[in-house]
Amino acid sequence: MSIYGGIPVLCYGISFSINKLFYKIDDGLAEFYARENRQKESGTA
């Protein structure tokens, strides 16, 4: 039973750690993505 509970917990822990360490977005990049999305929406609408 520890395999069925331990392996998913281990995988979730690893993915959480990778996400916290390597996924960084700052305000400038967020504004860039928002501007790009607005341009795409206005072009297709």
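Please read all numbers here as calculations on a predicted model, not as lab measurements.

Undergrad: How should the overall build of the chain be read in this particular structure?
TA: Check the secondary structure of the chain and you find 2 helices and 0 strands. Taken along its principal axes, the extent of the C-alpha atoms in the chain is 55 × 25 × 10 Å. Each charge class in the chain can be summarised by its mean position, and for the 5 positive and 5 negative side chains these summaries are 5 Å apart.

Undergrad: Teacher, can you tell me more about the packing of aromatic side chains here?
TA: Think of a pair of aromatic rings as described by two things: how far the centres are apart, and how the planes are tilted against each other in angle. Scanning the entire structure with this criterion turns up 1 aromatic pair. The interplanar angle of 55° and the centroid separation of 5.7 Å between the aromatic rings of Phe32 and Tyr33 together place this pair among those described as tilted. A relative accessible area of 37% means that Phe32 is categorised as partly exposed.

Undergrad: Teacher, can you tell me more about a nonpolar patch on the surface here?
TA: On the surface, a cluster of nonpolar side chains totalling about 570 Å² of accessible area is made up of Leu10, Ile14, Ile18, Leu21 and Phe22. As for its position among the elements, Ile18 is in helix α1 (residues 2–22). Since its relative accessible area comes to 47%, Ile18 is described here as partly exposed.

Parameters at a glance
Starting from 1, residues in each chain are numbered consecutively following that chain's sequence as written. Reporting of local features is limited, given that this is a predicted model, to residues whose pLDDT is at least 70; pairs of side-chain atoms are given and counted only at 80 or more, and all residues count toward the totals for whole chains, interfaces and linings. Heavy atoms from the whole structure form the basis of all side-chain values; hydrogens and water molecules are not counted. Where helices and strands are cited, they refer to DSSP runs of H or I of at least four residues and of E of at least two residues respectively, numbered from the N terminus. By the counting rule applied here, Lys and Arg register as positive and Asp and Glu as negative, while His and the ends of each chain are not counted. All charge positions are set by atom: Lys at NZ, Arg at CZ, Asp at CG, Glu at CD. Each aromatic pair joins two rings of Phe, Tyr and Trp (for Trp, the six-membered one) with centres within 6.5 Å, and gets the label stacked for planes under 30 degrees apart, edge-to-face for over 60, and tilted for any other angle. A simple rule labels every residue: compare its accessible area, found with a 1.4 Å probe on the protein chains alone, to the largest value its type can have, and call it buried under 20%, exposed over 50%, or partly exposed in between. For patch detection, residues must exceed 30% relative accessible area and be free of salt bridges, and they are connected within 9 Å for like charges or within 5 Å for nonpolar side chains (Val, Leu, Ile, Met, Phe, Trp, Tyr). Using a 1.4 Å probe, the Shrake-Rupley method yields the accessible areas, and only the shown protein chains count as cover for residues. We count a salt bridge whenever a side-chain nitrogen from Lys or Arg sits within 4 Å of a carboxyl oxygen from Asp or Glu.

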